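So the chains spell out like this:
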Amino acid sequence: MSATDQTADGVVRMAPVVKIALAIAAAGFLGVCVWLTWVAPVLTPYSDMLDWVARYLDFRGDHDLAAYLLTPHISHRLVATFLVLWADAGLFGAHGWLFVIVGVGALALTAGLLGKAAAQAAQGDMAWVIGAAAAGLTLGPGGFLDATLHICTIYVEALAFMVGAILLASPAGEEAPSPGRLILALACAVAAAFCNGVGLAVWPVLAFATWRRNRMLGQAILVGGVLFALAYFAGQAGGSALHAPQTAGGGGVRRMALMFFSYLGLPLTWAVPRLGWALGLVLAGLSGWAILRRGGHDAPRAERVAVQLIQLSLVTAAMAAVGRNDAALPTQAPLRYAVFLTPLHVGLLMLAAPALQKIVFARPRQTQALLVVVALLFTALQLGAGVFVARTADINRARIAAFKSGDRSPPVLAVMYPDAAKAEAMRARMAAAGVYQDN
C-alpha cells in the first residue's frame, strides 16, 4: 500500500494509517491539556491577586466603577481582569474557577485562530498537519501555565486579542482591509491593552502592515496608536510591594540586549539560561530575514500574516528588554512571558510550510513516518512538561498553606507576597468580607 496519494500540483494525501497515528497523538496531546486544566490551577489568592481582591473590596464599599476598572496596577490598566474578578466574586461565589475558564478559553481561541491561519500556508493533508502543529505550539505548557493561574491569565487574554487584530486587518487580496474589518481590528488592539499593557505591541505591527498597502492609512493607525499609548500611561505612578526595583545598578545596552535575546529563547531560557539567549540570537536572525525578505504587499495572505506574527513577538521582546533592564538576571527571562513567543514560532512554521510540503511530496514514506514520530514526541514532551507544571502548582499550594500556618521564610514569601504584614492584613480583610475562603 502506498503511503500517500500524490497529485500533480504537489499536494500530498496521507494514507489512512498515518492519519490515524497523527489523530492518536493529537488526542493524547489534548488529553494532557484537559488534565493540566484540572491540576494546574492554584485558586487561593496570592501575589498580585491579593492586591486585586483588595481593590474589589474597595469597590464594594465606594462603588467607584471607573477607579476600580481603570486605575493602573503597576503600569497596566487591567480592565478585563477586574471584570472577571467582579463576576467571580460577585456572581459565582468567589471560587476562582472563572479565571481558569477565561484563561483556558482565551488560550483555546488563540490556538484555533493560529491553527486556522497556519493551515492556509499549506495544501491538502499538510494543511491540517501544519494547522494542528500551530495549535499545539499555542497549547504548550507555557500557555497553560499562564491560562490556569489567575495572576497570569492577563497574558493569554492580551495574546488572543492581538492575534485577532492581526488576522482581522489582513485581507486576502492586495487592498487594504475594509472599514468594518479595520474597526474590529483596532477594537481588538484596544481590548488587548486593557488585558495587559503588552497589548500595545500590536499597534506598530498593524500600522506597518497597513502602511505597506496604504501609506496614509498606516500613518493614521500609527498616530492613533501613539495617542492611545499616551492616554494609557497618563498619570501613572507608583506600584506595589511586589514590584520594587530589583537591582541598584540600573540597566544598560548590554543588559537590554541580553534580556531581548533571552526572552526570544523562552522557554529554553528558563531551563538553560546560557543556551536560551543563544537560541534567541538565532531566532532573531531568522526573524530579521523573514521581515526583510518576505511578506510584501503582493505576498499571499498566509505569508503576510506570518511576518506580522513574527513582528509581534519581536515588539514584545523589545518591550521586555526596556521594561526589565534592571532585572537581577538579564539572561533569565520569566517563564510567564513564553506565551508571547508563540506568534514567532507559528510565523516561522508558516513560512517553512511550503518547503516542508515539498519535502513530504518528494519522499512521502520516510517523511510521513517522521511526522508521526515527531507528533508522538511532541505529545510526550507535553506530558513531561505538564508534570513539571503540576509539581510547580503543588509547591505553590504548599507554600501558601505554610504561610497560613505562620511560616514567614523567604521561599514562602517569594510565592505568597513579599510584605508579610500586608499579606496578613489583606487575608484578614478577605475573611471579614467572606470572599475566597474555601480555596
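Calculation criteria
Residues numbered from 1 in each chain as written. Predicted model: local features only at pLDDT ≥ 70, side-chain atom pairs only at ≥ 80, totals over all residues. Heavy atoms only, no water. Salt bridge = Lys/Arg side-chain N within 4 Å of Asp/Glu carboxyl O. Helix = DSSP H or I, 4+ residues; strand = E, 2+ residues; numbered from the N terminus. Buried < 20%, exposed > 50% of the residue type's maximum accessible area, 1.4 Å probe, protein only. Expected span 1.5 Å × (residues − 1). Axes fitted to C-alpha atoms, helices over the stretch in contact; angles between N-to-C directions. Left-handed = near helix turned anticlockwise from the far one by under 90°. Contact = heavy atoms within 4.5 Å. Nonpolar A, V, L, I, M, F, W, Y, C, P; charged D, E, K, R; others polar. Arc of directions from axis to C-beta. Polar contact = N/O pair within 3.5 Å; in protein donor to acceptor, adjacent residues only side chain to side chain. Parallel < 35°, antiparallel > 145°, perpendicular 65-115°, else oblique.

## Considering the pattern of salt bridges
Thinking step 1. One pass over the structure, following the stated rule, counts six salt bridges.
Thinking step 2. A salt bridge links Arg429 to Asp58, with the nearest nitrogen and oxygen atoms 2.5 Å apart. Within this pair, whereas Arg429 is found in helix H19 (residues 420–433), its partner Asp58 is found in helix H2 (residues 48–62), the two being separated by 371 residues in sequence.
Thinking step 3. For Arg429, a relative accessible area of 34% translates into the label partly exposed.
Thinking step 4. Of the residues examined, Asp58 reaches a relative accessible area of 38% and is grouped as partly exposed.

## Focus on helix H6 (residues 125–138)
Thinking step 1. The end-to-end C-alpha separation of H6 is 20 Å, in line with the 20 Å expected for 14 residues at 1.5 Å each.
Thinking step 2. Within H6, 10 of the 14 residues are buried, which leaves it mostly tucked inside the rest of the structure.

## Things to note about the packing of helix H10 (residues 202–211) against helix H15 (residues 301–323)
Thinking step 1. Their axes nearest at 9 Å, the elements H10 and H15 cross at an angle of 145 degrees. For the pair H10 and H15, the sense of crossing is right-handed. Listed contacts from H15 to Val202, Pro204, Val205, Phe208 and Ala209 of H10 are Gln308, Gln311, Leu312 and Val315.
Thinking step 2. For the contact of H10 with H15, the residue count by class is seven nonpolar, two polar and no charged.

## Some words on the side chain of Arg301
Thinking step 1. Looking at where Arg301 falls in the secondary structure, it is placed in helix H15.
Thinking step 2. Residues in contact with Arg301, not counting those within four places in the same chain, are Gln120, Leu167, Ser170, Pro171, Ala172 and Arg181.

## Quick look at H19
Thinking step 1. A rise of 1.5 Å per residue sets the reference length of H19, with its 14 residues, at 20 Å; its end C-alpha atoms lie 20 Å apart and thus fit the reference within 8%.
Thinking step 2. Taken residue by residue, H19 has Ala420, Ala423, Met426 and Met430 as its buried positions. When H19 is viewed along its axis, its buried side chains cluster within an angular range of 125 degrees and face the same direction. What points out from H19, more than 90 degrees from its buried face, is the exposed set Ala421 and Ala432.
Thinking step 3. Its side-chain oxygen at 3.3 Å from the backbone nitrogen of Ala421, Asp419 defines the N-terminal cap of H19.
Thinking step 4. Note on H19: the residue one or two positions beyond its end, Gly434, has a positive phi of about 75 degrees.

## Some points on the packing of helix H12 (residues 253–264) against H15
Thinking step 1. Where H12 contacts H15, the two axes come as close as 8 Å, and the packing angle between them is 140 degrees. The orientation of H12 with respect to H15, classified from their angle, is oblique. Where H12 crosses over H15, the two elements pack in a sense that is right-handed. Between H12 and H15, the residues in contact are Met256, Met259, Phe260, Tyr263 and Leu264 and Ser313, Leu314, Thr316, Ala317, Ala318, Ala320, Ala321 and Val322, respectively.
Thinking step 2. A breakdown of the residues in the contact of H12 with H15 according to their chemical character gives 11 nonpolar, two polar and no charged.

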